[in-house]
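Spelled out, the chains give:
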2 protein chains.
Amino acid sequence: MRWEVLGNAAGTIDPADRGLQFGDGLFETIAVREGRPRFMDRHLERLGQGCARLGIRAEGIRSAEAAVSGMIGAERTGTAKIIVTRGTGPRGYRPAGSATPTLVVGFTPESPPDPPAARGMALMLCRTRVGRNAALAGLKTLNRLEQVMARMEWNEPDVFEGLMRDEQGLLICGTMSNLFLVRQGRLMTPALARCGVRGIMRGVVLEEARRGGIDVQEADCPVEFLDDAGEVFLTNALIGLRPAVRIGERRYPIGPVTRAVAARLAALGVGEARL
Amino acid sequence: MRWEVLGNAAGTIDPADRGLQFGDGLFETIAVREGRPRFMDRHLERLGQGCARLGIRAEGIRSAEAAVSGMIGAERTGTAKIIVTRGTGPRGYRPAGSATPTLVVGFTPESPPDPPAARGMALMLCRTRVGRNAALAGLKTLNRLEQVMARMEWNEPDVFEGLMRDEQGLLICGTMSNLFLVRQGRLMTPALARCGVRGIMRGVVLEEARRGGIDVQEADCPVEFLDDAGEVFLTNALIGLRPAVRIGERRYPIGPVTRAVAARLAALGVGEARL
């Protein structure tokens, strides 16, 4: 991945930056398709909301859009990333009121490998939990050690993603994705009031399902829901929607609700209409 | 604070460093007294144990000791910091097995201001909670946004520290310190099996209390323990031991157990024997 640090020609980070010191910041990972960052407005909106919740000055983040476009250049597809930190400061957790946020943008022409969607993906259930903290719930902060630890649990190349529970055993998310499941005919995704990242593609799926008349609900999802779920799929900004066909030994079909949501996403340019 | 990045003459951090990207690393904050880093062996031991738990290669961390000594130079007192990250890597949470850890050392001749110990300190109870996660409990990781958010809750200069509870309401720690309280004649400190940082000075106090025949216990501490506590004090590597004389409206004396622990620490060169 190539990186630029806005306002710093050397393209490097000061060790005193609070992003390094404390993970005091946020990031966005953005799919580049047809030469353009997909859902850029949604990503910038979420980044601004995150800055507001953390008390980080957000005036400068719009300039990330032009910086990302510049990095994409003539590439058609790839992955872009925007990182914003609270900037540098004196020692200690208390931020200096005058701190100028650090803005970093990155781009790689690589996209995540595209497994044959018709076969779907295998998932596993991670031991590492997601800690509950309402103050940070929903945000894509730079505090991602839980996801790193969970991702270290498997090396099997055929396992695409690991599902994570919170400390009370509720399903929350994948290490890098949001979870949807169909249960008793209803599409569900874990409520993220206590922890988890409110993914951009998760939001798109919720909107599209409602527009399409699909019964959809954000709710607490005990892990047992995986046993009686009829369909399971994952979403994130890069992969769009991906059906799961196996979690541990349990197998799932790619069912009608998954197909209906996938068709609506395809109409927005995300993925293929036919799974 | 002055910083050095070992093996990087420019002294800067690569934006691809996982310390910035995910908070994928650990740190130590070390008091420099009489021209030497205090309890350096304990700090390096904890750092090594943390690396082992996170799966970060720890061979290089001993070199931080010489680097810190070099930065101290002729200064007598101050604060040193060691940061270790998993190093740079490709995009995604999964670490590359070949990653070389990044080692950063910092030093400032400033120490935290020394309030008149005899007056003790005022504390507050923070709204921001500490999330439970057994996988990271006890470690001083670079994921410190909870502490940052808690520290932003107050600006009153006479409030020295904020106490934090976990999501279930148990007392865990201060934003930058460990908590001790005396209840029914027994010295107690919150158990840190689910969250919190296992402070170096906390460990020293536990050892010294046991050596001194003081009844001491690590235990779950509901917030109500503050109501019937007879004495309260905080510890960290920089401040040593500091008695609390007020939390909200509740006042506490500087009592005999606090004084006994302080005297034992003073014999080790930490703080003054007489509070």
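Coordinates for the structure precede this section.
Because the structure is predicted, anything quoted here is derived from the model rather than measured.

Rules of the game
Residues numbered from 1 in each chain as written. Chains lettered and ligands numbered in written order. Predicted model: local features only at pLDDT ≥ 70, side-chain atom pairs only at ≥ 80, totals over all residues. Heavy atoms only, no water. Helix = DSSP H or I, 4+ residues; strand = E, 2+ residues; numbered from the N terminus. Polar contact = N/O pair within 3.5 Å; in protein donor to acceptor, adjacent residues only side chain to side chain. Contact = heavy atoms within 4.5 Å. Axes fitted to C-alpha atoms, helices over the stretch in contact; angles between N-to-C directions. Parallel < 35°, antiparallel > 145°, perpendicular 65-115°, else oblique. Left-handed = near helix turned anticlockwise from the far one by under 90°. Nonpolar A, V, L, I, M, F, W, Y, C, P; charged D, E, K, R; others polar. Buried < 20%, exposed > 50% of the residue type's maximum accessible area, 1.4 Å probe, protein only. Pairing = 2+ DSSP bridges. Buried area = accessible area lost by both parts, 1.4 Å probe. Salt bridge = Lys/Arg side-chain N within 4 Å of Asp/Glu carboxyl O.

A. Examining the side chain of Arg46 of chain A more closely. All names here are of chain A. Counting through the fold element by element, Arg46 comes out in helix 2 (residues 40–54). In terms of polar contacts, Arg46 uses its side chain to reach the backbone carbonyl oxygen of Arg198, at 2.8 Å. Aside from chain neighbours lying at most four places away, what touches Arg46 is Glu28, Lys140, Val197, Arg198, Gly199 and Ile200.

B. Layout of the packing of helix 2 of chain A against helix 3 (residues 63–72) of chain A. All names here are of chain A. Put simply, helix 2 and helix 3 touch, their axes get as near as 11 Å, and they point 135° apart. As the angle between them shows, helix 2 and helix 3 are arranged oblique. Between helix 2 and helix 3 lies a crossing whose hand is right-handed. Counting all contacts with helix 2, which are made through Met40, Asp41 and Leu44, the residues of helix 3 involved are Ala64, Glu65 and Val68. Among the residues forming the contact of helix 2 with helix 3, the class breakdown is four nonpolar, no polar and two charged.

C. Highlighting unusual backbone geometry. At Gln184 of chain A, a residue that is not glycine, the phi angle is positive and equals roughly 50°. Examined against the element boundaries, Gln184 of chain A turns out to sit in the loop between strand 9 (178–183) and strand 10 (186–190). Phi at Phe39 of chain B is positive, roughly 55°, even though this residue is not glycine. Tracing the backbone shows Phe39 of chain B in the loop between strand 3 (36–37) and helix 2 (40–54).

D. Up close: the pairing of strand 12 (residues 231–236) of chain A. Residue and element names in this part refer to chain A. Buried residues dominate strand 12, accounting for six of its six residues. Every second residue of strand 12 is oriented toward a common face, with Glu231, Phe233 and Thr235 on one face and Val232, Leu234 and Asn236 on the other, all of them buried. Here strand 9 pairs with strand 12 via five bridges, running antiparallel. Opposite Phe180, over in strand 12, you have Phe233 as the bridge partner. With four bridges connecting them, strand 12 and strand 13 (residues 240–247) associate as antiparallel partners. Bridge pairing in strand 13 links Asn236 to Gly240. Counted along the chain from strand 12 to the antiparallel partner strand 13, the turn is three residues long.

E. View of the sheet that holds strand 5 (residues 102–108) of chain A. Residues and elements named next belong to chain A. Ordered by their spatial adjacency, five strands build an open sheet running 1-5-4-2-3, and the pairing between neighbours is antiparallel. Each of the sheet's edge strands pairs with one partner strand only, and the pair in question is strand 1 (2–5) and strand 3 (36–37). Summarising the sheet, strand 1 and strand 5 pair through four bridges and their orientation is antiparallel. The residue bridging Trp3 from the neighbouring strand is Gly106, located in strand 5. Helix 3 contacts strand 1, strand 2 (25–33), strand 3, strand 4 (78–85) and strand 5 of the sheet and is inclined by roughly 30° relative to strand 5.

F. Quick look at the interface of chain B and chain A. Counting residues at the interface gives 57 residues for chain B and 58 residues for chain A. When the two sides are added together, the surface that chain B and chain A hide from each other amounts to roughly 4,700 Å², 63% of it contributed by carbon and sulfur. Looking only at chain B, the three residues that lose the most surface to chain A are Arg91, Tyr93 and Leu145 of chain B, adding up to 17% of its buried area. Linking chain B with chain A are zero salt bridges. Taken together, the links from chain B to chain A amount to 17 residue pairs in polar contact (both at pLDDT 80 or more). Counting residues per element, the ones that place at least two in the side of chain B that touches chain A are strand 1 (2–5), helix 1 (18–22), strand 2 (25–33), helix 2, strand 4 (78–85) and helix 4 (145–151) of chain B. Per element, the largest residue contribution to the side of chain B that touches chain A is six residues, and it comes from helix 4 of chain B.

G. Structural context of the sheet that holds strand 1 of chain B. All names here are of chain B. Judged by pairing direction, the sheet is antiparallel, and its five strands sit side by side in the order 1-5-4-2-3 without closing on themselves. Strands at the two margins of the open sheet, each flanked by one partner only, are strand 1 and strand 3. Sheet topology places strand 2 next to strand 3; two bridges connect them, and they run antiparallel. Bridge pairing in strand 3 links Val32 to Pro37. Running at roughly 30° to strand 5 (residues 102–108), helix 3 (residues 63–72) makes contact with strand 1, strand 2, strand 3, strand 4 and strand 5 of the sheet.

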